[in-house]
Structure formats: C-alpha cells, structure tokens
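# Close look at the chain arrangement
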Amino acid sequence: DDDTFSNVFCENSKKLINVHLFALAAKYYSLSNLGVCTPLEDVLEALRGDNQGTTGIKTDEFMNNKKSHEVQVMSELVDSIANYCGIKQVIDIGSGKGYLSSFLSMQYNLKVYGIDSSNTNTNGAHERNRKLKKHWRAYQSRGRANLKSQRLEKANDRPVESEIKCKAISEKPLNNDSSLQSQDQVTIQDLVPSCGFTEVATSETSKQTEVDLVARTQSDESKLSEEVLAILNVLPADAVEVSSSSQCSCGELCEEERAQRKMASLKAKASKSSESNLYFPLTSCITAETELSDIITDLEDCMMVGLHTCGDLAANTLRIFTAKPEIKAVCSVGCCYHLLSEQFENQEDCPEEVWGFPMCQYLKDKGWCCGRNARMSACLALERVAVGQMLPTESLFYRAVLQVIIEEIYGVTKSDRHVGKTFSKSSSFIDYVRKSLKKLELDDSKLPDSCIMDYHEKYKHRMNELEAFNMLKVVLAPCIEVLILLDRLCYLKEQDNIAWSGLVKLFDPVKSPRCYAVIALKKQSCF
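Conventions used here
Numbering of residues starts from 1 in every chain and runs along the sequence as written. Local features are withheld for residues below a pLDDT of 70 in this predicted model, meaning they are given only at 70 or higher, and side-chain atom pairs are given and counted only at 80 or more; totals for whole chains, interfaces and linings count all residues. For side-chain calculations, the full set of non-hydrogen atoms in the structure is used, while hydrogens and water are omitted. The buried label applies to any residue whose accessible area, calculated with a 1.4 Å probe on protein chains only, is under 20% of its type's maximum; exposed applies above 50%, and partly exposed to all values in between. The numbering of helices and of strands both runs from the N terminus, where a helix is a DSSP run of H or I of at least 4 residues and a strand a run of E of at least 2. Two joining distances apply to patches: 9 Å for like charges and 5 Å for nonpolar side chains (Val, Leu, Ile, Met, Phe, Trp, Tyr), and every residue must have over 30% relative accessible area and no salt bridge. Each accessible area is a Shrake-Rupley result for a 1.4 Å probe, and residues are judged covered by the shown protein chains and nothing else. Salt bridge, as applied in this entry: a Lys or Arg side-chain nitrogen positioned within 4 Å of an Asp or Glu carboxyl oxygen. A pair of strands is considered paired only if DSSP assigns at least 2 bridges between the two. To get an axis, a line is fitted to the C-alpha atoms, and for a helix only the part in contact is used. The angle between two axes follows their N-to-C directions and goes from 0 to 180 degrees. The nonpolar core is taken to be a set of buried Ala, Val, Leu, Ile, Met, Phe, Trp, Tyr and Cys residues, with the residues joined through side-chain atoms within 4.5 Å. Residue contacts are counted whenever heavy atoms from the two residues lie within 4.5 Å of one another.

If you look the protein up in an unreviewed UniProt entry, it shows as Methyltransferase-like protein 25 from Spheniscus mendiculus.

Spelled out as structure tokens, the structure:
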C-alpha cells in the first residue's frame with residue numbers, strides 16, 4: 001500500500017515525525033526484504049551439479065579474520081564459476097596486495113592476473129608472494145600426514161559394498177520469482193552440464209593387503225605432488241631449492257640419489273606448470289575503455305572478479321565484461337559508494353562521459369541522482385551497529401565542528417583535499433584541528449588555541465543530536481545501497497549477451513559490511 005509509510009514525514013514541513021515508521025520503511029526497502037537476491041547455496045549447487053567443493057589451505061594463516069572470510073567464500077564461488085564455464089584464467093580487478101588472487105592460484109590452480117592502479121599495492125603483492133614461498137614445505141609435510149591419516153580412516157571404516165545411484169538433477173529455479181529476474185529465468189538444469197552424473201562404484205569385500213596399502217600410499221604421494229605443485233604455482237619458478245646433503249655411504253647413495261631425482265623432477269614440473277598457472281601482479285589504471293589485451297598479452301577465455309572494487313571501478317568492471325567477448329563471467333563486490341561519479345549530480349551535459357551511476361537505461365531516463373551525502377550514508381554498516389559496534393561519535397563531532405571552523409574562519413565551503421584519518425593520530429581537539437588545517441593547506445597560525453576550544457564548547461551540547469542524526473543515516477544506508485546495486489543488476493539485464501545475472505549475498509555483513517556480489521554469465525553462444 002502506497003499510504004503505509006505516508007506519515008513518516010510531515011506533509012508541510014517535510015520533517016521526520018515518526019522514527020519507528022521510518023525504520024520500518026527502511027527495512028521494507030532493504031535487499032534482504034525485497035526478495036531479489038539469489039541464495040549463495042543455490043548458485044553453488046547449480047554450478048557444481050554433483051561435484052563437491054575443494055578443501056585445502058586455510059586462509060586465516062595469511063590474513064586477518066575479515067579478509068580470510070571474504071577470500072575463502074569468494075574464491076570458492078569463483079572456482080565453481082570457472083569450472084562451469086570451462087576456463088582457467090581469472091582477471092582480478094583492483095587486486096590490491098593480491099589476497100584473493102594468490103589464493104585462487106594456490107588453492108584452485110587458476111591462472112590469475114591481478115591488476116591494480118597502485119604500484120605500491122603491486123609491489124606489496126610481490127613481497128607477499130615472496131613470504132608465501134617460505135611456507136610450502138610446511139604444507140607438504142602437513143598434506144602428507146593428512147592424506148595418510150584419511151586413507152587409514154577410510155580403510156578401517158570402508159563398508160562392504162556401496163553404490164552411488166545416478167540421480168537426475170531437479171529443475172529447481174535458480175532465482176526467486178521477481179520482476180527483475182523474470183527476463184531470463186534460468187533453472188539448475190540449464191546451468192549444470194547434462195553429463196553431471198557419477199559412476200557406480202563397488203568396493204572390494206576383502207581386506208586390503210599390505211601391497212594394496214603401499215600402492216595407495218604411492219598414489220597419495222602422487223596426489224600430494226600435485227597439491228604441492230598447486231602451491232608452488234603462486235611462487236617464482238626458483239622457489240624450491242634442493243637442500244645440500246652431507247656425504248653418505250655407498251649403500252645409502254642409491255636411495256639418496258632417488259630422492260634428489262624426485263625433487264629435481266618436482267622442480268621441473270613446477271617450473272613448467274608455472275608457465276600456465278601463476279599469479280601475476282600488474283599495475284594499470286582500469287577504465288571502461290581499457291583494452292585488456294594491451295595489458296595481458298596471453299589473454300584467453302576468462303572471467304573477471306573484483307573484491308571490494310572502489311567507486312567507479314565496480315561499474316567499469318561490468319562494462320568491460322559486457323563488451324569483451326573473451327570474458328565469460330563476472331563476480332564483482334563493490335565498495336566506496338561515496339567515490340562514485342554521478343551523471344546528474346552537477347547537472348553537467350557530458351554525453352560522452354562514462355559515469356559510475358546510474359548505469360541502467362531506466363534510471364538514466366529518469367535522470368536519477370543520489371548525491372554525495374546519500375552515497376556516504378550507503379557506506380555505513382547497519383549490521384555492525386545492530387550488534388553493538390557503535391559509530392565513532394567523537395570523531396564525527398570533531399569533523400563537524402572543523403567544518404564550521406573552516407567555513408566561518410577561512411570562508412572555504414568546498415575543497416578537493418581530504419582530512420583523512422587525522423582523528424586517530426590526534427591527541428586532542430586542538431591537535432586535530434591544526435593537523436587537519438595543514439592537510440587542507442590552510443594557515444593555522446591565525447587561529448589561537450582558545451578560539452579552537454571556543455568552537456568545541458559551543459557545539460559540545462549538540463553531540464547527542466549528532467549521534468541521533470547519524471543513527472538515522474545508518475538505518476537508511478541499506479536502502480541507498482539497494483538503489484546502487486539494483487542499478488548494476490538492471491544494467492546487466494538490459495544486455496542481450498547475458499544468460500543469467502543476479503545479486504548474491506556472499507559475506508557475513510558483520511564481518512564484511514559490503515557483502516553483496518553482482519554475478520553474471522554470458523550466453524553459451526558467446527563462448
């Protein structure tokens with residue numbers, strides 16, 4: 001009913017008069033309530049069919065909890081998409097220090113190009129790779145122990161006879177029914193290869209002999225070598241060094257020689273494999289007009305990914321995906337909505353310019369504009385506030401009073417410079433103001449300490465008011481994020497070469513507030 005939320009604001013003054021109804025309206029228009037998202041489990045089931053996911057390296061050994069959670073979840077999805085599309089090359093846009101890229105290469109044996117505009121980040125990715133290579137021996141020992149332990153457990157618990165029956169894949173819809181997704185409704189039957197059946201397997205009823213066990217152990221060693229190679233693929237070709245051994249007797253020489261030859265063979269395989277399965281950090285600024293073939297000389301059929309691509313980069317990732325025939329799929333999680341460029345924000349007539357928002361033709365025709373304040377609000381984390389992680393009220397208060405000082409004392413209402421994270425480096429309000437003025441290249445000598453503190457005392461009683469205002473912004477944040485994400489989804493729905501597109505909630509929003517991925521697969525005819 002259109003009248004349900006009509007009493008949130010006063011009809012004449014337009015002021016907020018019903019906070020409770022305001023919160024209900026915001027919840028009603030959030031992504032979790034609109035029913036336009038596709039559950040991650042459904043997507044993985046559709047992509048994998050009867051295949052199971054891969055288990056292996058734990059990301060938390062190299063990353064903090066937030067990054068570990070993001071990389072673990074997203075890499076599993078990316079691998080499933082890559083397998084479904086039959087591709088081995090991945091382009092990670094805005095790869096930063098290469099957390100996702102290196103894990104995709106190490107864990108899933110994918111050839112990953114990580115592209116970042118910051119040379120500092122690229123150098124950081126190289127340094128991180130250098131450190132990762134130190135851990136490969138530990139993984140080798142741990143992997144061998146785990147494989148032997150698992151094999152012994154299976155030998156002890158193996159049933160007398162087992163049979164896996166073939167089951168047809170049900171035609172369960174991948175998406176929830178919605179007007180946005182009705183354009184190209186795709187079923188699991190459509191997404192999963194038609195040959196997705198398992199073979200009937202029968203185990204021997206006799207107990208394994210020692211010979212069988214030895215044979216299986218040798219097979220496990222071979223599998224282990226493959227796993228070690230997968231780890232080595234993220235490293236430089238000279239990452240593995242043969243340890244120099246001491247002199248040994250003639251009786252031990254044969255065994256020692258075999259061990260050395262085995263290691264030399266492993267090195268050769270790693271070097272050969274590295275030609276096709278490496279993580280390559282590259283530095284380049286990506287725009288909607290970027291020609292990937294100019295950056296990646298051996299570009300082949302691939303997919304694009306982006307973990308928290310900043311501002312316009314998320315929008316440009318989708319544009320490149322739709323324009324380039326080599327890119328068969330995309331999985332993009334955006335962030336930093338406040339840095340999006342808007343076509344109708346300044347009412348400038350620049351038809352040739354490529355904007356971050358809006359993307360879809362529907363909002364373009366409406367001339368829709370969010371504005372910087374709304375986009376700043378979209379970056380707030382409602383779920384974190386809901387579990388007690390309150391807003392930094394004091395730093396927000398400092399910033400608000402600083403704005404007043406700058407306008408009243410210096411007459412500045414707009415600046416291209418940013419204060420940044422000055423609050424955490426300041427010992428007091430006076431220190432904060434002076435450091436901020438220096439960053440803004442304003443002369444702080446004309447402002448005595450007493451004047452600075454007068455401003456602080458003048459507005460101190462309004463700190464609770466500021467906190468209440470920011471809490472309302474937090475409540476509204478999901479609604480603005482919905483608008484930005486649905487704009488990107490609608491853009492994909494407007495394209496003729498897309499087989500399926502959807503929004504998927506990937507992460508725990510408390511751990512990672514920007515938790516929604518825009519995912520799309522091209523039509524088979526485009527392969």
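This next bit is on helix α3 (residues 40-48). Burial runs high along α3: seven of the nine residues are buried. All of the buried residues along α3 are L40, D42, V43, L44, A46, L47 and R48. One or two residues past the end of α3 sits G49, with phi positive at roughly 65°.

The next thing to look at is a nonpolar patch on the surface. Residues Y28, Y29 and L34 make up a contiguous nonpolar surface patch of about 300 Å² in total accessible area. Inspection of the secondary structure puts L34 in helix α2 (residues 31-34). Take L34: its relative accessible area is 33%, and that puts it in the partly exposed class.

Glancing now at the sheet that holds strand β1 (residues 89-93). Spatially, β3-β2-β1-β4-β5-β7-β6 is the arrangement adopted by the seven strands of the open sheet, whose pairing is mixed. In this open sheet, the two strands that pair with only one neighbour each are β3 (279-283) and β6 (498-505). Ignoring which end each strand starts from, the neighbouring axes of this sheet average 15° apart. Across four bridges, the pairing between β1 and strand β4 (residues 302-310) is parallel. In the sheet register, Q89 faces β4, and the bridge partner there is C302.

Right, let's talk about the environment of N346 for a bit. Here N346 lies in the loop between β5 (327-335) and α13 (361-366). Judged by relative accessible area, which is 52%, N346 ranks as exposed. Sequence spacing of N346 and G371 is 25 residues, and the spatial spacing of their C-alpha atoms is 9.1 Å.

The next point concerns the nonpolar core. Judged by nonpolar contacts, the single largest core of 79 residues is most densely connected at M74, L77, M303 and L506. Not counting residues up to four positions away in its chain, the partners in contact with L77 are L40, V43, L44, L47, C331, L506 and I519.

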